[in-house]
Amino acid sequence: MSDLEQGDPLVSPLARERQYIAYVRLLLAESEPDYALKLLTPLVKRAVATQRWDHVLEMWLLQTQAYQMLQRQQDALAQLSQAVHLAAPEGYIRSFVDEGPSLTALLSQLRKQKPQAKDLPYLETLLRAFDQQPIPQPTQLEKEPSLSLRPLLDPLSAREQDVLHLLSRGASNQDIAEALVVAPGTVKHHITHILSKLEATNRTQAVARARALGLLSTEKD
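Everything numeric here is computed off the predicted structure, so don't read it as measured data. Numbering of residues begins from 1 in every chain and follows the order in which that chain's sequence is written. Side-chain atom pairs in this predicted model are given and counted only at pLDDT of 80 or more, local residue features only at pLDDT of at least 70, and totals for whole chains, interfaces and linings cover all residues. In computing side-chain properties, one takes all heavy atoms of the structure into account and sets aside hydrogens as well as water.

Colleague: Looking at this model, I keep getting lost on the environment of Ala200. Mind explaining?
Modeller: Relative to the helices and strands, Ala200 is located in the loop between helix 12 (184-197) and helix 13 (203-212). Note on classification: 1.4 Å probe, protein chains only; a residue is buried when its accessible area is under 20% of the maximum for its type, exposed when over 50%, partly exposed between these limits. Overall, Ala200 belongs to the buried group, its relative accessible area being 8%. Considered as a pair, Ala200 and Ala22 are 178 residues apart in the sequence and their alpha carbons are 7.8 Å apart. To qualify as a helix, a DSSP run of H or I must reach at least 4 residues; to qualify as a strand, a run of E must reach at least 2; elements of each kind are numbered from the N terminus.

Colleague: How should the packing of helix 4 (residues 73-87) against helix 6 (residues 102-112) be read in this particular structure?
Modeller: The relative placement of two packed helices comes down to the angle between their axes together with the axis-to-axis distance. Axis definition: a line fitted to C-alpha atoms, over the contacting stretch in the case of helices. Angles run 0 to 180 degrees between N-to-C directions. Running from amino to carboxyl end, helix 4 crosses helix 6 at an angle of 80 degrees, the nearest separation of the two axes being 10 Å. With respect to helix 6, the axis of helix 4 lies roughly perpendicular. Touching Gln73, Ala76, Leu77, Leu80, Ser81 and Val84 of helix 4 are Leu106, Leu107, Gln109 and Leu110, all from helix 6. Ten residues, namely Ala, Val, Leu, Ile, Met, Phe, Trp, Tyr, Cys and Pro, are considered nonpolar, four, namely Asp, Glu, Lys and Arg, are considered charged, and the remaining ones, Gly among them, are considered polar. Partitioning the contact of helix 4 with helix 6 into residue classes produces seven nonpolar, three polar and no charged. Orientation categories follow fixed angle ranges, with anything under 35 degrees roughly parallel, anything over 145 roughly antiparallel, 65 to 115 roughly perpendicular, and all other angles oblique. Contact criterion: two residues are considered in contact whenever any of their non-hydrogen atoms come within 4.5 Å of each other.

Colleague: Looking at this structure, how should I read the packing of aromatic side chains?
Modeller: A ring pair, where both rings are aromatic, is described by two values, the distance of the centres and the angle of the planes. The aromatic pairing rule takes the rings of Phe, Tyr and Trp, using the six-membered ring of Trp, and pairs them if the centres are within 6.5 Å, calling planes under 30 degrees apart stacked, those over 60 edge-to-face and the rest tilted. Following the criterion strictly, the structure yields two aromatic pairs and no others. With a centroid separation of 6.0 Å and an interplanar angle of 90 degrees, the aromatic rings of Tyr23 and Tyr35 are classed as edge-to-face. With Tyr23 in helix 1 (residues 13-29) and Tyr35 in helix 2 (residues 33-49), this residue pair connects regions lying twelve residues apart in the sequence. Overall, the relative accessible area of 14% leaves Tyr23 in the buried class.

Colleague: How should I be thinking about the pattern of salt bridges in this particular structure?
Modeller: Pairing between side chains becomes possible if they bear opposite charge and their charged atoms approach one another. What counts as a salt bridge is simple: a side-chain nitrogen of Lys or Arg found within 4 Å of a carboxyl oxygen of Asp or Glu. Here the structure, examined in full by the defined rule, presents twelve salt bridges. Close ionic contact of Glu58 with Arg18 constitutes a salt bridge, the shortest N to O distance being 2.9 Å. Here Arg18 lies in helix 1 and Glu58 lies in helix 3 (residues 53-69), a separation of 40 residues in the sequence. Its relative accessible area of 16% is what places Glu58 among the buried residues. Across the salt bridge formed by Arg25 and Glu58, the nearest N and O atoms sit 3.1 Å from each other. One end of the pair, Arg25, is in helix 1; the other, Glu58, is in helix 3, with 33 residues separating them in the sequence. By the burial criterion, Arg25 is buried, and Glu58 matches it. Because the salt bridges share partners, they merge into one network encompassing Glu17, Arg18, Arg25, Arg52, Glu58 and Glu99.

Colleague: Please explain the packing of helix 12 against helix 13 as it appears in this structure.
Modeller: At their nearest, the axes of helix 12 and helix 13 sit 9 Å apart, and the two run at 60 degrees to each other. Compared by their axis directions, helix 12 and helix 13 come out oblique. Viewed along their axes, helix 12 and helix 13 form a crossing whose handedness is left-handed. Taken together, the residues of helix 13 that come into contact with helix 12 (itself represented by Ile191, Ile194, Leu195 and Lys197) are Arg203, Ala206 and Arg209. Put simply, a crossing is left-handed when the front helix is turned counterclockwise from the back one by less than a right angle, and right-handed when it is turned clockwise.

Colleague: Is there a simple way to explain the nonpolar core in this structure?
Modeller: The nonpolar side chains of a soluble globular protein tend to be buried, and buried together. Ranked by size, the top nonpolar core spans 61 residues in total, and within it Leu80, Val84, Phe96, Leu107 and Ile176 carry the most contacts. Once residues within four sequence positions are removed from consideration, Phe96 is found in contact with Leu57, Leu61, Leu80, Ala83, Val84, Ala87, Leu103, Tyr122, Leu126 and Phe130. We define a nonpolar core as any set of buried Ala, Val, Leu, Ile, Met, Phe, Trp, Tyr and Cys residues linked to one another through side-chain atoms lying within 4.5 Å.

Colleague: How should the environment of Asp175 be read in this particular structure?
Modeller: With respect to the helices and strands, the residue Asp175 is situated in helix 11 (residues 173-180). Along the primary structure Asp175 and Val187 are separated by twelve residues, whereas in three dimensions their C-alpha atoms are 9.8 Å apart.

What follows is the structure, encoded as structure tokens:
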């Protein structure tokens, strides 16, 4: 496939996949759904081929959100329907809820479209689960405090530390690129690796864990 099989030979394909998923989440957070979909296509193909269904479910939900951002409603509903059908036998709930309330409206629309009868009870359970989430869900760091204290398996490079310090100050990708005199694409690459190494899904979580680990204890000028 290439992209997944390229790069550092010491990094396993699964570890590289998680880096790509972190990058996809970053792209969605920065409203770049087209590129996110492009990256997800080969990832999904590989995960399906190896029958890693929990990973397939996560990727399908990310594709659903990308289609939703592109206002491709029918594609979003079709992808969500696949995700529901896959998840129903196992009764996954957290996988959907952790993606946030953006899925609620789509799940409601899917319910009105009369999905497969055997999926209906599960779909209603999902909707009830979202109804029981009146406040934002805790982050992974809040749910697993020990995660924030666990040493990094793969330390940040000097350049990644520079990027992290700028992220902690709320700098945008363009701000970071200008400060470090690099291309915006290079900044995105560094942020992807930072999220992966810190086991975070967004910048806020990454900065929170970095502070807990003392990586930001000495602010740079």
